[in-house]
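Here is what each chain is made of, one letter per residue.
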Amino acid sequence: QVQLVESGGGLVQPGGSLRLSCAASGRRFSFDVMGWYRQAAGKQRELVAHMTSGSTINYVDSVKGRFTISRDNAKNMVFLQMNSLKPEDTAVYYCNGKRIVNVEGATVDYWGQGTQVTVSS
């Protein structure tokens, strides 16, 4: 069994920065994709950013230029540097790891428990 554990959330003022970290523990294997999702109160969970094992990166438009995702494949970790934070970034942030299980691209997803990020003055 694999567990994903996030850390680094908290309360920050608008314009501030936070760095989220996610570490995989348990059974050792490599994720094909690792990334971050978020879910604000009353809204659906959305992709924030993800990074493939080949270093292809995607960001949701609302965070481009402000957030940076990175991975440490050797340690099976993923990070999210969040700068210029806005109140609308307030949400629970979830770490996600995906393993591709067939040639059609079907995946098995693993999730962390979530970490709260609150941007408020």
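Everything below is about the structure printed above this text.
Keep in mind the model is a prediction, meaning the values are calculated, not measured.

### Some points on the side chain of His-50
Then, number 1: Take His-50: it is sitting in strand β5 (residues 46–52).
Then, number 2: Using a relative accessible area of 18% as the deciding quantity, one classes His-50 as buried.
Then, number 3: When sequence neighbours within four positions are dropped, the list of residues in contact with His-50 reads Val-33, Met-34, Gly-35, Thr-56, Ile-57, Asn-58 and Ile-69.

### Focus: the nonpolar core
Then, number 1: Among the nonpolar cores identified, the biggest contains 27 residues, and Trp-36, Leu-80, Met-82 and Tyr-93 are the most heavily contacted of them.
Then, number 2: Elements supplying a minimum of two residues to this core: β1 (2–7), β3 (18–26), β4 (33–39), β5, β7 (67–72), β8 (77–82), β9 (91–100) and β11 (115–119).
Then, number 3: The element that contributes the greatest number of residues to this core is β3, accounting for 4 residues.

### Concerning the pattern of salt bridges
Then, number 1: Enumeration over the complete set of coordinates arrives at 5 salt bridges.
Then, number 2: Several salt bridges converge on common partners, so that one network encompasses Arg-38, Glu-46, Arg-66 and Asp-89.

### With respect to the packing of aromatic side chains
Then, number 1: Taken as a whole, this structure holds 2 aromatic pairs when the rule is applied.
Then, number 2: Geometrically, the ring pair formed by Phe-31 and Tyr-110 is edge-to-face, given 5.7 Å between the ring centres and 70° between the ring planes. Of this pair, Phe-31 sits in the loop between β3 and β4 while Tyr-110 sits in strand β10 (residues 107–111); the two residues are 79 residues apart in sequence, bridging distant segments of the chain.
Then, number 3: Judged by relative accessible area, which is 2%, Phe-31 ranks as buried.

### Here's the deal with the pairing of β3
The side chains of a regular strand alternate, first on one face of the sheet and then on the other.
Then, number 1: Pairing between β1 and β3: 6 bridges, direction antiparallel. Looking across to β3, one finds that Gln-3 is bridged to Ser-25.
Then, number 2: Where β3 lies against β8, 6 bridges are found, and the strand directions are antiparallel. Of the residues in β8, the one forming a bridge with Arg-19 is Gln-81.

Thresholds, definitions, all that
- Residues numbered from 1 in each chain as written.
- Predicted model: local features only at pLDDT ≥ 70, side-chain atom pairs only at ≥ 80, totals over all residues.
- Heavy atoms only, no water.
- Helix = DSSP H or I, 4+ residues; strand = E, 2+ residues; numbered from the N terminus.
- Buried < 20%, exposed > 50% of the residue type's maximum accessible area, 1.4 Å probe, protein only.
- Contact = heavy atoms within 4.5 Å.
- Core = buried A, V, L, I, M, F, W, Y, C linked by side-chain atoms within 4.5 Å.
- Salt bridge = Lys/Arg side-chain N within 4 Å of Asp/Glu carboxyl O.
- Phe/Tyr/Trp six-rings, centres within 6.5 Å; stacked < 30°, edge-to-face > 60°.
- Pairing = 2+ DSSP bridges.

None of this, on its own, says anything about what the molecule does.
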